[in-house]
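Analysis of the macromolecular model
The residues making up each chain are set out below.
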Amino acid sequence: MKLRIGQGWDRHRLVTGRPCILGGVGFPDCPVGPSGHSDGDAVCHAVIDAVLGAAGLGDIGGMFPDDDPIWAGADSLGLLAKAWAAVRQEGYKLVNADVVIICERPLIGSRSAAMKQKLAGALGAIPTDVNIKGTRGEGMGPEGRGECVTVQAVALLEEA
Ligand code: MG
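What counts and how
Residues numbered from 1 in each chain as written. Predicted model: local features only at pLDDT ≥ 70, side-chain atom pairs only at ≥ 80, totals over all residues. Heavy atoms only, no water. Helix = DSSP H or I, 4+ residues; strand = E, 2+ residues; numbered from the N terminus. Rg over C-alpha atoms; globule rule 2.2 N^0.38 Å. Buried < 20%, exposed > 50% of the residue type's maximum accessible area, 1.4 Å probe, protein only. Contact = heavy atoms within 4.5 Å. Areas by Shrake-Rupley, 256 points an atom, 1.4 Å probe, with all protein chains shown as cover. Lys, Arg positive; Asp, Glu negative; His and termini not counted. Charge placed at Lys NZ, Arg CZ, Asp CG, Glu CD. Donors = N, O, S within 2.8 Å, 3.2 Å for Na, K, Ca; no water. Salt bridge = Lys/Arg side-chain N within 4 Å of Asp/Glu carboxyl O. Pairing = 2+ DSSP bridges. Right-handed = clockwise from strand over helix to strand, strands pointing away. Axes fitted to C-alpha atoms, helices over the stretch in contact; angles between N-to-C directions.

Right, let's talk about the overall build of the chain for a bit. In terms of regular secondary structure, the chain is built from five helices and seven strands. Ordered by position from the N terminus, the helices and strands of the chain form the series β-β-β-β-α-α-α-β-α-β-α-β. Computed over its C-alpha atoms, the radius of gyration of the chain comes to 15 Å, within 12% of the 15 Å expected for a compact globule of 160 residues. Viewed in the frame of its principal axes, the chain has a C-alpha envelope of about 45 × 35 × 25 Å. When each of the 160 residues of the chain is scored for burial, the buried share is 45%. The contacts in the chain between residues at least 6 apart in sequence include a share of 73% that link residues at least 24 apart. A total accessible area of about 7,700 Å² is found for the chain, and carbon and sulfur atoms account for 51% of it. One way to put it: in the chain the 15 positive side-chain charges average out to a point 4 Å from where the 19 negative ones average out.

This is how it looks when you write it as structure tokens:
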């Protein structure tokens, strides 16, 4: 059985006046949201880069250029589903994905089960194949000052 691993990393500024959507899940009570050309969902973006990396398909910028107006305000969970379709086309299925979300706001734990469900749905997987961890910057760096959300993801694929 051939296994392939990929990693993804993304960071978006947290600003007022933007809906807060992470991992395809809304946090309507959060006063800040990730800025970006799309909906700014850094969780979906990091997972896209992880699965594209594992399949050797480049990166999110190559597949969904951020200067292309077609992707303005795009639903990033939909982008993940599109990226996953390309990965599946290469003959892979997901073994598991693990995601670390670093931010002061929103609190991730309250919605991590919903996030697992959304991400697994886009990846043709089951929620237990996706793990979500939230952590904070402890007052240090841009995450600790609440300026951004940073996401790290790894994904393991196997030949279907
Ligand atoms: Mg991004």
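Next comes the rest of the account.
Right, let's talk about the side chain of His 45 for a bit. Mapped onto the elements of the fold, His 45 is located in helix α1 (residues 42-55). Note on His 45: relative accessible area 8%, which makes it buried. When neighbours within four sequence positions are excluded, His 45 is seen to be in contact with Asp 10, His 12, Ser 38, Asp 39, Gly 40, Ile 60 and Ser 76.

What follows covers the coordination of the magnesium ion. Looking at the magnesium ion, one finds its protein donor set to be Asp 10 (OD), His 12 (NE2) and His 45 (ND1), positioned 2.1 to 2.2 Å from the metal centre. In primary sequence terms, the donor set of the magnesium ion follows D-x1-H-x32-H. The pair formed by Asp 10 and His 12 is uniform in burial state, with each residue classed as buried.

All chains considered together, the criterion is met by five salt bridges. Here Glu 158 ties to Lys 93 by a salt bridge, and the two come within 3.5 Å at their closest N and O atoms. With Glu 158 in strand β7 (residues 148-159) and Lys 93 in strand β5 (residues 92-102), the pair connects residues that are 65 residues apart, well separated along the chain. Since its relative accessible area comes to 14%, Glu 158 is described here as buried. The residue Arg 145 makes a salt bridge to Glu 147 at a minimum N-O spacing of 2.8 Å. When its relative accessible area of 32% is taken as the criterion, Glu 147 is described as partly exposed.

With an omega of -5°, the peptide bond between Arg 105 and Pro 106 qualifies as cis. Tracing the backbone through its elements, the reader meets Pro 106 in the loop between β5 and α4 (112-122). For Glu 138, which is not a glycine, the phi torsion comes out positive at approximately 50°. In this structure, Glu 138 sits in the loop between β6 (130-135) and α5 (141-144).

Pairing between β5 and β6: six bridges, direction parallel. Bridging from a neighbouring strand, Asp 98 pairs with Asn 131 of β6. For the handedness criterion, the β-α-β arrangement of β5, α4 and β6 is classed as right-handed.

Below, the discussion takes up the packing of helix α3 (residues 76-89) against α4. Orientation of α3 relative to α4, taken along the N-to-C sense of each, is 35°, at an axis distance of 8 Å. Contacts between α3 and α4 involve Leu 77, Leu 80, Ala 81 and Trp 84 on the former and, on the latter, Lys 118, Leu 119 and Ala 122.

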